Each structure stands twice: as C-alpha cells, then as structure tokens.
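Fold and contact review
Each chain is listed here by its residues.
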Amino acid sequence: MSSGWVAGLIVAVVVLGGGFAGYVVIKHKIEQISMAAFGTKSLADGISRQADVLAETPKSVSAMTRIFAPQIAKDFPDFHLDEFRKLAENLLVAALSAVTAGDVGRISDDGKNLRSQVENQIADNRAAGVREVYTQIRIHQTEIANYQKKNGTCTITFQSAVEHIHYKEKDGVVTEGEKERKRQTKYNTELVYIQDEKKIGAGTAVGTTCPNCGAPITSLGAMKCEYCGLAVTPVNRRVWTFHRYYEVDYHRI
C-alpha cells in the first residue's frame, strides 16, 4: 500500500458521499494500521522507513554449496571452489562497472564471454538515449545455487547477494531506480565446462583436445589423456568459462 493510493482512497470517500465523517474514519483506520506496521501514524513516513530498512538488509541467497560442492569435487578433483567463487564476484562487479563506464575493457580475459552481453546492454542504453549507473557495489555473500550436467556441458551457477545504487536517467531525469537509496538484490553468474564438444556442435569447444596427440578430452575432470597419457589439467582449466550473469527477479518467473 503506497501513500498515493491511500490519498486517492480518502479523496474517493469524500467525493462519493462519505463526507468529512468518512474521511475521519478512514484516516483513523489508516493511522492504526500504520502504527501497527511501522510504529508511526504517518503512513508515508512508515513506508519510507521500511524502504530504508530494506535498503540495508542483504538478500538471502540460495546456499546449496554444501550439497553441490562434494559432487563437483568428485567430478573435478582439481576444481578450486574458493578461487572460482572469488572470480565470479570480481567479474560481476567488473561487468556492472563496465555498463556504467560504457567500456568493456574493464572486464578481464577471465570474463571474455561476458563482454558481448555487456556490449549489448551498453548498445541498448545508447540507442535509447539512456545512461545506466551502478555505484557503491558490494557483494555480501556468494554461494553455489545449482550444478547441472546437460547437453555436453556442466554448469555451476553462483548466486551473489549484491548491494548497489542503480538507476537509469534520460535527459537528466531518473526513469528507473534511485540515486540516493541503495538497493539489495541477487545476481546469478554461470560457470560452464564443455564436457563433450560433439554434443554441442563443432567449433564451440576450445581446448577440449589433447595438446599432444589431438585426441578429444570428453571425461569429466580428466587428469590425463586416455590415449597418450599426457597430463591435461591445464586444458580442463581453460575450458571453464563464465558464460553469463543476470539479476534474479522471481517476480518475472
């Protein structure tokens, strides 16, 4: 319930014949509700206070790390979870900062697959004459939200609780978000391993062949080539790539 909606209700009561007595009854009832919900008779103040509280309260993430980490370790004994989790956080911050700067050069080679996504966002903003800004970015927590093996790929989804100021403006007018109030939200970042290039199309898997004999590396977490015996851990590391990031908004599902 917004303060504008309440004002409209009071006006409607008066217009439809409720008169001053109806206005007093409605106003008193609203004050009671506001006091119970927010501790103040002013509904507008109560809503503003609640927004301030929400702006300072981090979102809860889907923490499935303890469930999926053992499965990942079994499939990929050389996988370093903490390293990739930190890298996911750094790339997320870099991507949002790149949108603000309009420059994908801020994104390191570890996130080269994210650059096209950011470039598209920048291009869309420019085409619409919109300036999109992310500032005061802070990540509170990052956990594994999902782990899937499907269609020749393995995907680890990291979910991060993120705090930032985010807004869009056009011709100097804010059209979305707020310049002063922080926002708490969640982002998912997907880390993908190409398991079998034959299942996803030729030319899409870079580095999934043995550097010594050229044989395909299709086993999960393979430590050596099954044909010539050469260690292939460096190959495995190269085919882990950050595929995309997106804000989690369950209202759109």
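Here the residue index of a chain counts from 1 through its sequence in written order. In keeping with the model being predicted, local features are shown solely for residues with a pLDDT of at least 70 and side-chain atom pairs are shown and tallied solely at 80 or more, while totals for entire chains, interfaces and linings include all residues. Side-chain descriptors were evaluated using all non-hydrogen atoms of the structure, hydrogens and water having been removed beforehand.

1. Focus: the overall build of the protein chain
Elements are defined by DSSP. Helices are runs of H or I of four residues or more, strands are runs of E of two residues or more, and each kind is numbered from the N terminus. Along the protein chain, the regular secondary structure elements total 6 helices and 5 strands. Ordered by position in the sequence, the α and β elements of the protein chain form the string α-α-α-α-α-β-β-β-β-α-β. Each residue is placed in one exposure class: buried if its accessible area under a 1.4 Å probe, protein chains only, is under 20% of its type's maximum, exposed if it is over 50%, and partly exposed if it falls in between. Evaluated residue by residue, the protein chain yields a buried proportion of 36% over its 253 residues. Every residue pair with non-hydrogen atoms within 4.5 Å of one another is taken to be in contact. Expressed as a percentage of contacts within the protein chain between residues at least 6 apart in sequence, the contacts between residues at least 24 apart total 60%. Put simply, the protein chain shows about 14,500 Å² of open surface, and 52% of that area lies on carbon and sulfur atoms. Note on areas: Shrake-Rupley with a 1.4 Å probe; residue coverage comes only from the protein chains shown.

2. Some details on the packing of helix 4 (residues 81–101) against helix 5 (residues 112–128)
Where helix 4 contacts helix 5, the axes come no closer than 9 Å and their chain directions differ by 25°. Judged by the angle between their axes, helix 4 and helix 5 are roughly parallel. Between helix 4 and helix 5 lies a crossing whose hand is right-handed. Contacts from Leu91, Ala95, Ala98 and Val99 of helix 4 reach helix 5 at Leu114, Val118, Gln121, Ile122 and Asn125. In this classification, Asp, Glu, Lys and Arg are treated as charged, Ala, Val, Leu, Ile, Met, Phe, Trp, Tyr, Cys and Pro as nonpolar, and every other residue, Gly included, as polar. Looking at the contact of helix 4 with helix 5 residue by residue, the classes come out as 7 nonpolar, 2 polar and no charged. Note on definitions: angles span 0 to 180 degrees between N-to-C directions of axes, and those axes are lines fitted to C-alpha atoms, for helices only across the stretch in contact. In these notes the angle categories are as follows: under 35 degrees is roughly parallel, over 145 is roughly antiparallel, 65 to 115 is roughly perpendicular, and the rest is oblique. Two helices cross in a left-handed way if the nearer one is turned anticlockwise from the farther one by less than a right angle. They cross in a right-handed way if the turn is clockwise.

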